[in-house]
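An overview of the molecular structure
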Amino acid sequence: MATALDAGAISARMDRLPATRAVWKLVALISLGGFFEFYDLFFTGYIAPGLVRNGILTASTRGLFGTTGVASFVAAMFSGLFLGTALFGFVADRYGRRTIFTFSLLWYTVASVVMAFQNDVFGLNLWRFISGIGVGVELVTIDTYLSELVPKELRGRAFAFNQTIQFSSVPVVALLAWLLVPRAPLGLDGWRYVVLIGAAGAVIVWWIRRQVPESPRWLAQHDKLDEADRVLRELETRVAMEAGFRLPSPAKTETPPARGRFAEIWSSAYRSRTLMLVVFHIFQTVGFYGFSNWVPTLLIQRGIPVTNSLQYTFLIAIAAPFGPLLAYALADKLERKWQIVLAALGVAVFGVLFGQMTAAPVLIGLGMLLTMSNNILSFSFHAYQAELYPTRIRALAVGFVYSWSRLSVVFSAFAIAFILDRFGVPGVFTFIAGSMLIVMLSIGWFGPRTNKVALETISK
């Protein structure tokens, strides 16, 4: 009986589960929490024209690191994200996926509500920074939580489904920005409504918490074997009833070490993966956030009025959930590393073309293709990075490597503002294309294969 209650056996039992409604329900609930996280993350670019209109921010950035422009607002958020992922990513390893999933969501919701009532650039950026810390912790927690709750045969599709739901928040926030930002209903600036509507999502946080169990893998790693067994038995019972057949016997697997340390991500087993992901994250955000955070501003730079810019941005944003949705069928068939490489190639090609065009229909079409490529890239790397480390250090390691993307956005925001001022929209997309080339080389050359392989096997 003792051998049935070790961490290796718990993982093996998780991996033999078929993809029934009970498993997909867990994926959907975690993704719903992520919906509000992405809403908060992506409204940065959509409310920026309203902040400029109100005189809180300036359209251009004075000097390379000016603190009054849109770039400072972007930098404040991603400075917080950097702290959340780099310094506090470990809390999900220490206190549990379920607890931190809830706490971080409430953290950034409260901070966003306070930010919505700021009237000067200092208060705005301060509370955006504080909100970013909570969002950063949530980003790491969702990736680790999801990778541990689904069987190995389902990981790619689970992350594709997860990001489809999360990216559905992008057209929602874009639509609300288009309708509200140019106006002031009841005397309250429209951008403030956009922020507050997203914060209202915290109402359902406690309901989600009650529906989602703690990760059995995490419980087993922390010597809570009886609780891990209880949670897993409940899930196995539901899955077996829905599947209509008896679950197969779990495969034999080794029991992993119970505790991990930060130094372990620099051990010979993980050093090359860590360095690869650090380089990857420094450059992938140039393409991802270089477009999503700046698209209304890039369109305005093309001479398109603010209202039309927000309308076009909304039309482009409709494509956001379709990237991972269209890639769902290939998520567990095409090797994960090549999904990342092909998506980065799409970002580079469609971005360069976008930078050369001026006709609205062509800009919208290329913007949609660019958005879908970016979001395929996103779901692929979120799944990939969580697979490369063992449960004992998964949140810590993912938080560390992911934090470099947050730090990158802080500096790339100012770099894009500088390039936009000096070289225009084509210059911005040339910068993005060069960054995507480094992304393709880093993952394509150094990335290990992970599809349909047990987490414990990948992380050896």
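Just above sits the structure.
Residues numbered from 1 in each chain as written. Predicted model: local features only at pLDDT ≥ 70, side-chain atom pairs only at ≥ 80, totals over all residues. Heavy atoms only, no water.

What follows covers the pattern of salt bridges. Inspection of every chain in the model, using the stated rule, returns 19 salt bridges. The salt bridge partner of Asp-229 is Arg-233, with a shortest N-O separation of 2.9 Å. On the criterion of helical spacing, the pair formed by Asp-229 and Arg-233 is a turn pair, its members being four residues apart in helix α12 (residues 225-243). The class of Asp-229 is buried, set by a relative accessible area of 10%. Taking the relative accessible area as the measure of exposure, Arg-233 reaches 43% and is therefore partly exposed. Close ionic contact of Arg-422 with Asp-421 constitutes a salt bridge, the shortest N to O distance being 2.5 Å. According to the relative accessible area criterion, Asp-421 is exposed, its value standing at 55%. Shared partners join several salt bridges into a network, and the residues in it are Arg-13, Arg-16, Asp-229, Arg-233 and Glu-236. (Salt bridge = Lys/Arg side-chain N within 4 Å of Asp/Glu carboxyl O. Helix = DSSP H or I, 4+ residues; strand = E, 2+ residues; numbered from the N terminus. Buried < 20%, exposed > 50% of the residue type's maximum accessible area, 1.4 Å probe, protein only.)

Quick look at helix α1 (residues 7-15) now. Burial analysis of α1 places nine of its nine residues in the buried class, which makes it a mostly covered element. For α1, the side-chain oxygen to backbone nitrogen distance between the N-cap and Gly-8 is 3.3 Å, and the N-cap itself is Asp-6. (Polar contact = N/O pair within 3.5 Å; in protein donor to acceptor, adjacent residues only side chain to side chain.)

What follows deals with helix α9 (residues 190-199). Along an α-helix, residues three or four positions apart point the same way, because every turn accommodates 3.6 residues. Of all ten residues in α9, seven are buried; the element is thus mostly enclosed. Within the sequence span of α9, burial applies to Gly-190, Trp-191, Arg-192, Val-194, Val-195, Gly-198 and Ala-199. As for α9, its buried residues are in contact with α2 (21-53), α5 (97-115), α6 (121-149) and α8 (169-180). (Contact = heavy atoms within 4.5 Å.)

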